[in-house]
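Listed here are the chains, written in short residue letters.
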Amino acid sequence: MFADTPPPASAPKQQHPSSAPIARIPQPTGHIPEDDWDDADGYYRTVIGEALDSRYRVDSYLGKGVFSTVVRAYDTTFSSSEGTGGADAVGANVAIKIIRRNDTMRKAGLKEAGILRRLAKSDPEGRRHVIRLLRTFEHRGHLCLVFEALGYNLRQVLQRYGKGVGLHLHAVRSYAQQAFLALSLLTKVGIVHADIKPDNILVNESKTALRVCDLGSAFDPSDPADVITTPYLVSRFYRAPEIILGLPYDGAIDTWSMGCSLYELFTGRILFPGRTNNDMLRLHMELQGRFTFKAIRKGLYTQDHFDPTDKTFLSRETDRLTGKEVIRPIAITRPTKDLQARLLKRRAGGGEDQDPLLPSFVDFLQQCLSLSPEKRLTPKQALSHPFLRG
Ligand SMILES: Nc1ncnc2c1ncn2[C@@H]1O[C@H](COP(=O)(O)OP(=O)(O)OP(=O)(O)O)[C@@H](O)[C@H]1O
């Protein structure tokens, strides 16, 4: 799935496009007909070896999302004469996000590029662990975003190296430090990511340096035109309760999603694998207790989940015999599941349970996963929490 040859640890810096010779790359022979570049859904049909923008040779396919196809490509204008830039330097390998050909997706792609430029302005050296957009171009009616290439996303790391049980706590801590630096940049610039999950956190080939990617759902909460009220923002397992309840939301939704992601990295298991929004709320309350009456009263969508008079939770389940929805009132007063116990159960007998970092990790996660967004750690507070500082 990934390119065969990882970039050298001391990859030289990329030459500025305007000063570099542009080598024209021949199109591969036998490639698809001129009028058949897209599939029925507007995804560009990628051809390995194809040259994009007369400059980037497509090497491999990296992934496909709702918005785009992502390919790994080699920048033929790259010159190694610029010296070494260290393990974190931008090299000849790039990742190109080819946005689907349709107006909505294109608009979303332009917005993503705009947000990435705003973030880069506040972090010109790229030290805050947000993916770096190198440039954009048009290819056969598709907007293309060129990024520095990384090795894997954290879901892939978990699958390959977590062997179903999760990563070492020290690796989780290092990833958390970098990820909260990224969130602190977003907070500084006034951007909410709104799709934090292991798939959208990338690491380099040596799995030491991390970058938060996919700003395709990101928005500026200070711009009313940019804030949409929907109970489906963020991928479901990582969706904060205030989104589901229809309460106002801000950057605290990213802290929640990050808490869920870090739990998953350590345990190899999804923290809240709810089948529906209603199921998600049940899981949230089983771990963190009941919502305040105020939250239930004010939420735009709470009538779907709580009895309007006594605020009892209405669990919507499917009857096994009839297949029809049944509503079962559940009185949840206090948590019935314990985060610490769940974390300790992991890798039973593995010896690592006694890691002295574990209690501060439990406290850290508890504070990332407070049901009240105002009580959650801000990225700045997270960075000075003993788990990350210690
Ligand atoms: N710079 C990069 N380097 C390496 N891989 C990348 C890079 N950018 C994206 N990818 C890979 O491509 C996948 C899809 O990227 P991305 O999430 O940005 O696309 P999307 O179309 O917005 O997807 P989604 O439907 O999840 O929003 C990522 O999970 C990752 O595996």
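Reading guide: rules and limits
Residues numbered from 1 in each chain as written. Predicted model: local features only at pLDDT ≥ 70, side-chain atom pairs only at ≥ 80, totals over all residues. Heavy atoms only, no water. UniProt positions renumbered as here; feature names shortened; annotations may be inferred. Helix = DSSP H or I, 4+ residues; strand = E, 2+ residues; numbered from the N terminus. Buried < 20%, exposed > 50% of the residue type's maximum accessible area, 1.4 Å probe, protein only. Contact = heavy atoms within 4.5 Å. Pairing = 2+ DSSP bridges. Axes fitted to C-alpha atoms, helices over the stretch in contact; angles between N-to-C directions. Core = buried A, V, L, I, M, F, W, Y, C linked by side-chain atoms within 4.5 Å. Near = heavy atom within 4 Å. Polar contact = N/O pair within 3.5 Å; in protein donor to acceptor, adjacent residues only side chain to side chain. Areas by Shrake-Rupley, 256 points an atom, 1.4 Å probe, with all protein chains shown as cover. Nonpolar A, V, L, I, M, F, W, Y, C, P; charged D, E, K, R; others polar. Phe/Tyr/Trp six-rings, centres within 6.5 Å; stacked < 30°, edge-to-face > 60°. Lys NZ or Arg CZ within 6 Å of the ring centre and 35° of its normal.

Looking at an unreviewed UniProt entry, the protein chain carries the name non-specific serine/threonine protein kinase, with the source organism given as Piptocephalis cylindrospora. In the Sequence similarities (unreviewed entry) part of its UniProt record, the protein chain is described as follows: "Belongs to the protein kinase superfamily. CMGC Ser/Thr protein kinase family."

**Student:** Please clarify how the overall build of the protein chain should be interpreted in this entry.
**Tutor:** When helices and strands are counted, the protein chain shows 11 helices and 11 strands. In the protein chain, which comprises 390 residues, the proportion classed as buried is 53%. Partitioning the intrachain contacts of the protein chain with sequence separation of at least 6 by distance along the chain shows that 65% fall at a separation of at least 24.

**Student:** Whenever I open this one, the sheet that holds strand β2 (residues 56-64) confuses me. Can you help?
**Tutor:** Within a beta sheet, neighbouring strands are joined by backbone hydrogen bonds and run either parallel or antiparallel to one another. Spatially, 6 strands are ordered β1-β2-β3-β4-β6-β5 in an open sheet, and the strand pairing comes out antiparallel. The two strands at the open ends of the sheet, each matched to only one other strand, are β1 (51-52) and β5 (133-139). As paired elements, β1 and β2 share 2 bridges and run antiparallel to each other. Paired with Leu-52 across the two strands is Tyr-56, which belongs to β2. Contacting β4 (93-99), β5 and β6 (142-148), helix α1 (residues 103-122) crosses the sheet at an angle of about 30° to β6.

**Student:** Where do I start with the nonpolar core in this structure?
**Tutor:** Soluble globular proteins tend to pack their nonpolar side chains together in the buried interior. In terms of nonpolar packing, the biggest core is built from 90 residues, with Leu-119, Phe-180, Ile-253, Leu-262, Phe-272, Phe-361 and Phe-364 touching the most fellow members. Phe-364 has contacts with Phe-180, Leu-262, Leu-377, Ala-382, His-385, Phe-387 and Leu-388, leaving out every residue within four places of it along the chain. Judged by nonpolar contacts, the second largest core, of 13 residues, contains Val-71, Ile-96, Ile-98 and Val-146.

**Student:** Would you explain the environment of Leu-314 in this entry?
**Tutor:** Mapped onto the fold, Leu-314 is located in strand β10 (residues 313-318). On a C-alpha basis, the gap between Leu-314 and Ala-331 in space is 8.8 Å, while along the polypeptide they are 17 residues apart. Not counting chain neighbours up to four residues away, the residues in contact with Leu-314 comprise Asn-278, His-305, Phe-306, Asp-307, Ile-327, Arg-328 and Pro-329.

**Student:** For this particular structure, what's the right way to read the sheet that holds strand β7 (residues 152-153)?
**Tutor:** Reading across from one edge, β7-β8-β9 is the order of the 3 strands in this open sheet, with antiparallel pairing throughout. Of all strands in the sheet, those with a lone pairing partner are β7 and β9 (210-212), marking the two edges. Relative to β9, strand β8 (residues 201-203) is paired through 3 bridges, and the arrangement is antiparallel. Paired with Val-203 across the two strands is Leu-210, which belongs to β9.

**Student:** Please explain the site of the ligand as it appears in this structure.
**Tutor:** Taken together, 18 residues form the shell around the ligand, and within it Val-66, Ser-68, Lys-97, Glu-148 and Asp-214 come nearest. Take Leu-150: an N or O atom from its main chain is 3.0 Å from a nitrogen atom of the ligand. One of the backbone nitrogen or oxygen atoms of Asp-199 is found 2.9 Å away from an oxygen atom of the ligand. Taken by itself the ligand offers 620 Å² of open surface, and the protein chains cover 90% of this. Considering only residue class, the shell around the ligand consists of 10 nonpolar, 4 polar and 4 charged.

**Student:** What's the story with unusual backbone geometry in this structure? I'm lost.
**Tutor:** One non-glycine residue with positive phi stands out, namely Asp-214, at about 55°. Examined against the element boundaries, Asp-214 turns out to sit in the loop between β9 and α4 (241-245). On the basis of relative accessibility, which here comes to 18%, the residue Asp-214 falls in the buried class. Even without glycine at this site, Lys-311 takes up a positive phi of about 60°. One can find Lys-311 in the loop between α7 (293-298) and β10.

**Student:** Honestly, helix α2 (residues 154-161) in this entry has me stumped. Any pointers?
**Tutor:** Working note: α-helix, 3.6 residues per turn, so residues spaced by three or four point in the same direction. Within the sequence span of α2, burial applies to Leu-154, Gln-156, Val-157 and Leu-158. Its buried side turned inward, α2 meets β7, α3 (169-189), β8, β9 and α5 (252-267). Immediately beyond the C-terminal end of α2, within one or two residues, lies Lys-163, with a positive phi of roughly 40°.

**Student:** Would you mind showing me how to read the pairing of strand β11 (residues 325-330) here?
**Tutor:** Regular strands have side chains that alternate between both faces of the sheet. In this structure, β10 lies alongside β11, joined through 6 bridges in antiparallel fashion. Bridging from a neighbouring strand, Thr-318 pairs with Glu-325 of β11. Linking β10 to β11, which pair antiparallel, is a turn of 6 residues; within it Gly-323 sits at a positive phi near 75°.

**Student:** Mind showing me how you'd approach the packing of aromatic side chains here?
**Tutor:** In this description, a pair of aromatic rings is defined by centroid distance and the angle of the planes. Here the structure, examined in full by the defined rule, presents 10 aromatic pairs. Between Phe-306 and Phe-313, the aromatic rings sit 5.5 Å apart at their centres with planes inclined by 65°, giving edge-to-face as the arrangement. Overall, Phe-306 belongs to the buried group, its relative accessible area being 3%. Note on Phe-313: relative accessible area 2%, which makes it buried. Ring centres 4.8 Å apart and planes at 40° place the aromatic pair Phe-361 and Phe-387 in the tilted group. One end of the pair, Phe-361, is in helix α9 (residues 358-368); the other, Phe-387, is in helix α11 (residues 386-389), and 26 residues separate them in sequence. Among the aromatic residues, those joined into a cluster by ring pairs are Phe-180, Phe-266, Phe-361, Phe-364 and Phe-387. In this arrangement the basic side chain of Lys-64 is found over the ring face of Tyr-43, its NZ or CZ atom lying 4.2 Å from the centre.

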